[in-house]
Structure formats: C-alpha cells, structure tokens
Amino acid sequence: MKNFLAELESRGFIRQITEREKLAEKLAAGPVTAYIGFDPTADSLHAGSLLPIMALVHLQRAGHRPILMLGAGTARVGDPSGKTEMRKLLEGKEIDDNARKIQRQVSRFLDFSPGKAILLNNHDWLKNLRYVDFLREIGRHFSVNRMLAAEAYKIRMEKGLSFLEFNYQILQAYDFLVLFREQGCVLQMGGDDQWGNILAGIDLIRRLESADAFGLTFPLLTTASQEKMGKTAAGAVWLDPERTSPYDFFQYFRNVDDRDLENFLGFFTFLPMEEIRMVKDLSEAELNQAKTILAFEITKFVHGDKEAESAWKAAAQLFGAKGINPNLLPSSSIHKITLGAAEEDIPSSSLPRQRLVNGLPAWELIFEVGLAPSKSEARRLIQQGGVYINDEKIGEGHDLISPVSVRDGAILIRVGKKKYHKIKVI
RNA sequence: GGAGAGGUUCCCGAGUGGCCAAAGGGGGCAGACUGUAAAUCUGUUGGCUAUGCCUUCGGAGGUUCGAAUCCUCCCCUCUCCA
C-alpha cells in the first residue's frame, strides 16, 4: 500500500489537515474510505475540479476507497463559502440533469467497480429530511455564534446572507455524518474554502458518534497571474469535449505561465516527482517541451490517449513541429509517439464552393465559424490586422474570399496567434 | 414595519436634460517584442444589411422637440432602528 499522505504532500496537494499523525496511522493500518463532494451547478466539471479528482485517483491508487459524492441536494441550497454574493438559484430539474451528466463524466476517472470506489448523490438522503426532526437531531449541535464568527460568513455579513445559504454548512456536515454512518467514511477532502464546512462535519461526528473523523484541504489554485485556475475570459475550461475541444483543452495547459509549470506537473500528472523537480533548471526551449508534456499528460487523463495524441499533433503542425528531448520527464508516454502527419484536429467545418464564387467577405465567414462572437467584432479584427487566411494577413478592403484562396480543398483561417479554423470547401 | 443610501455596459466606477454607445480603471481581444510564457508598449472593447440605423444605464408608465439624467408606481440590495 502506497503512502497516500506522503504522495499528496510531495505533490503539493495539502493545504490544511486535521490531526495529521492520527490520520497517517489510520491510513497505514488499512484501507480507508474518504470522500469529496462536487456540486452539480453546471453540466460538466471544469479544470478547477481536476485537482480534487486527482486526489481521489491518488487515494484509489494507494489502495483506499474513494467516494465521489454529487451534491444535487446541497446544490439546491448553494454554498456561500468564498462567494461574495449569492448566486442564482438553479431549478431542481436542471441540477439533476447536471448530476447525471457529471456522473457519466467522472466514471472514466476512477474505477467504480464494487469495493473500489463509490458514486453517491446527497439528494438521495437530503430530500426526505423532516424539518423539525432534523433541527432536533442535528441543528442543536450548531452554534450560530460560532458560525457567524467564521471568516466565510463574515464576508457575507456585509453583502447579505440568506438563511437558505446559512444552512449549507449544516447540510454538508450532515452529509459527512451520513457517509460515516453508512459507508464508514472517516475523511473528507476538498478545496480550502471548504475547511470550515469540513470541520463542522468532523465536530458533528464527534458529538453524535464519539468517533474521530478527519479533514484535508487542497490549496485554492490560482495561476501565477492571480487568475482562477481553469477560467478564461471566454469561460471555464471544461472537461466536456463538447464544451471545450480536446485541442483547446490541450492548448490551455500548453500555455501555462512558466511559474506554474512545476506545480501543475505535480498536481495534474502522475509523473514521478523526482523527474518533475528537474524542470526548475530547464532552458527556454526545454521549458516549452515540458509544457507540451504537461498538456499531453492532462489531456490524456481527461480525454484519452488518442485525443491527446491528435491534439499534440495538430498543435505541432500549426506551431511548427519540435521534437521532445527523450530525457525530459522520461516517464511520460509522449515519448512513445512519433510525430507523423498531423491529424485533422483543429476545429473545422465545411462550406459549399458555391458561396465563394462571387467572393465572400471574410468577416462573415469568421463570424459563421465562431472565431468571432459578432460580425462587428470580426470586422474589427480584420481592421486591426488580426486575421490571416492561409497564414497571410489580410487587410481591410482585401477581405473578399474567393475560390482562389482554396488550398488542397480547404481554407485555413487564423485569428490572432493561436485560434485556427479549417474550412473544407465542398 | 420605520429612517437613510443605492441598483450604469464583462467587473469596479464616473455621469444628474442634448456635446452619451456613456469618462477612468480592471479584465478581454488584436498588434509590436518573444519561447504558443511573463513583463512592457500601442490599438480596440453593444449590435447591424454601416459615414447611417437599432438596442442598452433594475422594471413599468409619464413629462419633454430630446431622458442614464426629471416625475409616478413597482422590484431588489445595503446600513441603522423595531
């Protein structure tokens, strides 16, 4: 049995932990059941959820039993932790739909065969709670004074905190209690914003069951430029290939800040730390290769080998293929792939030749294929010299696309440095 | 329930009758520089069948030649009091 805590620690996963020594003993003594909750507030997880997922995978690999709990019940309440404002309430049906989709999504990350891992949904036990009974059994163990003193609520004391949200922590504590009673779950993990909620659950278990339970939080990931990990202005980086294509997903991690590279390799890959630590001393060119490996490994984990390979090949083609030093992070399976001809993995669509005959304004095409959110934006891009057809900059007034632009049956449009779209002319 | 403050474009925030598609900052996008990085500098940032037209300043009405700005009602948030 691998040492789970040591593994997490060396990879930088641990922000806070309760009673470390006692927990370490317990983990050493035999398989331990631990859980992380995910609230289905969208129909896909995003890159920010990747860290807790990885933690569950490490847990399973170390021979323990992870519980992945969907919070369809708690999502109906809304967690105020770390939020300065109440977010809009979702319909119950929407939440359940989301939960179903996420369930499908996560099933590839963990081995959910019997005894290996469990997938639960807290709506199953929260929906039938009876208010007065619940208040008497659970509610009496919570001190309002103490809850209000918590930092998480303090922020909200100015902006307003509804009673609904105030109950979130109580429900989350109750979840932990239920999982302790029914599954023997003694450890809850989560983002550091969950620390207070996790402690509440540990307290509740101690009071009602006189038993020890443990908590562990992960650092809240921000990129070196202080942005929330996995968020771009265009929206989150989703794990769902429908929402964020494997190519874009790959590119997100390919373009991480230098300063984030080592951390991210530890968080999001399974490469050994001895190899990862060496990236500190890399030269410029090798730094870029290491980023490629990072992107490849994460894409492989989330979307599978094939998608990772073709995303890499597509990127290599567009940005110029560069080999990867085989001594760099040698455990990565990227070294087994030879960069052959690139696959058609850049976004593409088709266009009837008919439409080109009289010349089609580029801005119209750019808008249609989704490279610009509006036609005005598309025109602006052209004006500012940000649009390239077959890698040639087009200027204002020279933006009519005709059959002359077709190369090998297709037109390659590029916006900015990194966004490509291939249009197959039929 | 009472008193006060406030709701402006992605965010913060100015604007108190025409010069307002709305200052400034942040963020985003594009360009230069680079290593598909960061930092820096420049431009840009509602939409459209585009030298004009349409929609936007919590919502609905109204006054006016003209309203983000004035009036009425409503909704929401915050602070203090109950």
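In what follows, the structure referred to is the one given above.
Description of the structure in this document. All values derive from a computational prediction rather than experimental measurement.

Scanning chain A from terminus to terminus reveals 18 helices and 15 strands. Over its C-alpha atoms, taken along the principal directions, chain A stretches across nearly 80 × 50 × 40 Å. Scored against the burial criterion, the 426 residues of chain A give a buried share of 51%. Sequence-distant contacts in chain A: of pairs separated by 6 or more residues, those separated by 24 or more amount to 74%. Looking at chain A as shown, the accessible area adds up to about 20600 Å², and 49% of this sits on carbon and sulfur atoms. If the 55 positive side-chain charges of chain A are averaged to one point and the 55 negative ones to another, these points end up 2 Å apart.

A few words now on the nonpolar core. Core analysis: the biggest nonpolar cluster contains 111 residues, and Ile-53, Met-189, Phe-253 and Phe-268 have the highest contact counts within it. Here this core gets 10 residues from one element, more than from any other, and that element is helix H10 (residues 168–183). The residue makeup of this core includes at least three contributed by each of domain 1 (4–218) and domain 2 (231–336). Those residues within four positions of Met-189 in sequence are excluded, and the remaining contacts are Phe-4, Ala-34, Tyr-35, Ile-36, Ala-55, Leu-56, Leu-59, Ile-198, Leu-216 and Phe-218. Within the second largest apolar cluster, 23 residues are counted, among which are Ile-382, Ile-413, Val-415 and Val-425.

Here we come to the side chain of Thr-33. Within the secondary structure layout, Thr-33 lies in strand S2 (residues 33–38). A polar contact of 3.1 Å, which involves the side chain of Thr-33, links it to the side chain of Arg-65. Once you skip the residues sitting within four places of it in the chain, Thr-33 turns out to touch Arg-65, Ile-67, Gln-183, Gly-184, Cys-185, Val-186 and Leu-187.

This paragraph deals with the pairing of strand S3 (residues 65–70). Of all 6 residues that make up S3, 5 are buried, and the element is covered over most of its length. Alignment of S2 against S3, held across 6 bridges, turns out to be parallel. Across the sheet, the residue bridging to Phe-38 is Leu-70, located in S3. Handedness of the crossover joining S2 and S3 through helix H3 (residues 50–61): right-handed. The pairing of S3 with strand S4 (residues 118–121) spans 4 bridges and is parallel. If you follow Met-69 over to S4, its bridge partner there is Leu-120.

Here helix H13 (residues 261–268) crosses helix H15 (residues 284–303) at 25 degrees, and the two axes come no closer than 10 Å. By the angle between their axes, H13 is roughly parallel relative to H15. Pair H13 / H15 crosses with left-handed handedness. Residues Leu-261, Phe-264, Leu-265 and Phe-268 of H13 touch H15, and the partners they reach there are Leu-287, Ala-290, Lys-291, Leu-294 and Ile-298.

The subject of this paragraph is unusual backbone geometry. Look at Asn-390: it is not a glycine, yet its phi comes out positive at around 50 degrees. Here Asn-390 shows up in the loop between strand S11 (387–389) and strand S12 (392–393). Overall, Asn-390 belongs to the buried group, its relative accessible area being 18%. If you check the backbone angles, Asp-408 has positive phi at about 50 degrees while not being a glycine. Mapping Asp-408 onto the fold places it in the loop between strand S13 (400–401) and strand S14 (410–415). You can call Asp-408 exposed: its relative accessible area is 83%.

Now for H15. The terminal C-alpha atoms of H15 lie 28 Å apart, and with 20 residues this matches the ideal 28 Å at 1.5 Å per residue to within 8%. Taken across its 20 residues, H15 has 15 buried, putting it largely inside the fold.

With that out of the way, let us pick up empty space enclosed by the protein. Over the atoms a probe the size of a water molecule is rolled, and this reveals where empty space is left. The final tally for this structure, using the stated rule, is 3 cavities of 30 Å³ or more. In this structure, the second largest cavity occupies an estimated 40 Å³ of space. Going through the elements one at a time, helix H1 (4–10) and H3 are the ones with two or more residues in the lining of the second largest cavity. Taken together, the residues that form the lining of the second largest cavity break down as 2 nonpolar, 2 polar and 3 charged.

Moving on, we get to the pattern of salt bridges. Under the defined criterion, the tally for this structure stands at 26 salt bridges. The salt bridge involving Arg-206 is made with Asp-203; its shortest N-O contact spans 2.6 Å. With a gap of 3 residues between them, Arg-206 and Asp-203 both fall in helix H11 (residues 195–209), about one helical turn apart. For the salt bridge of Asp-391 with Arg-414, the shortest nitrogen-to-oxygen distance reads 2.7 Å. Linking Asp-391 in the loop between S11 and S12 with Arg-414 in strand S14, this pair joins segments that are 23 residues apart in sequence. By relative accessible area, Asp-391 is classed as partly exposed at 44%. One connected set of salt bridges, linked through shared partners, spans Glu-9, Arg-20 and Glu-21.

On to the packing of aromatic side chains. Per the counting criterion, the structure on display carries 13 aromatic pairs. Judged by centre distance (5.5 Å) and plane angle (80 degrees), the rings of Phe-13 and Phe-267 are edge-to-face. Separated by 254 residues along the polypeptide, Phe-13 in the loop between H1 and strand S1 (16–17) and Phe-267 in helix H13 bring together distant segments of the chain. Since its relative accessible area comes to 5%, Phe-267 is described here as buried. Taking 5.4 Å as the distance between ring centres and 80 degrees as the angle between the ring planes, the aromatic pair formed by Phe-264 and Phe-268 counts as edge-to-face. With Phe-264 and Phe-268 both in helix H13, this residue pair falls 4 residues apart, about one helical turn. In this structure Phe-264 comes out as buried when scored by relative accessible area, which is 2%. Stacked on the ring of Trp-238, the Lys or Arg Arg-243 has its end atom at 4.2 Å from the ring centre. Between Arg-414 and the ring centre of Tyr-388, over which it is positioned, the NZ or CZ distance is 3.9 Å.

About the thresholds
Residues numbered from 1 in each chain as written. Chains lettered and ligands numbered in written order. Predicted model: local features only at pLDDT ≥ 70, side-chain atom pairs only at ≥ 80, totals over all residues. Heavy atoms only, no water. Helix = DSSP H or I, 4+ residues; strand = E, 2+ residues; numbered from the N terminus. Buried < 20%, exposed > 50% of the residue type's maximum accessible area, 1.4 Å probe, protein only. Contact = heavy atoms within 4.5 Å. Areas by Shrake-Rupley, 256 points an atom, 1.4 Å probe, with all protein chains shown as cover. Lys, Arg positive; Asp, Glu negative; His and termini not counted. Charge placed at Lys NZ, Arg CZ, Asp CG, Glu CD. Core = buried A, V, L, I, M, F, W, Y, C linked by side-chain atoms within 4.5 Å. Domains from an automatic or database assignment. Polar contact = N/O pair within 3.5 Å; in protein donor to acceptor, adjacent residues only side chain to side chain. Pairing = 2+ DSSP bridges. Right-handed = clockwise from strand over helix to strand, strands pointing away. Axes fitted to C-alpha atoms, helices over the stretch in contact; angles between N-to-C directions. Parallel < 35°, antiparallel > 145°, perpendicular 65-115°, else oblique. Left-handed = near helix turned anticlockwise from the far one by under 90°. Expected span 1.5 Å × (residues − 1). 1 Å grid on protein atoms, 1.4 Å probe; cavity = no way out; pocket = protein on both sides within 12 Å on 5 of 7 lines; lining within 4 Å. Points joined across faces, edges and corners; volume = space filled by probe spheres on them. Nonpolar A, V, L, I, M, F, W, Y, C, P; charged D, E, K, R; others polar. Salt bridge = Lys/Arg side-chain N within 4 Å of Asp/Glu carboxyl O. Phe/Tyr/Trp six-rings, centres within 6.5 Å; stacked < 30°, edge-to-face > 60°. Lys NZ or Arg CZ within 6 Å of the ring centre and 35° of its normal.

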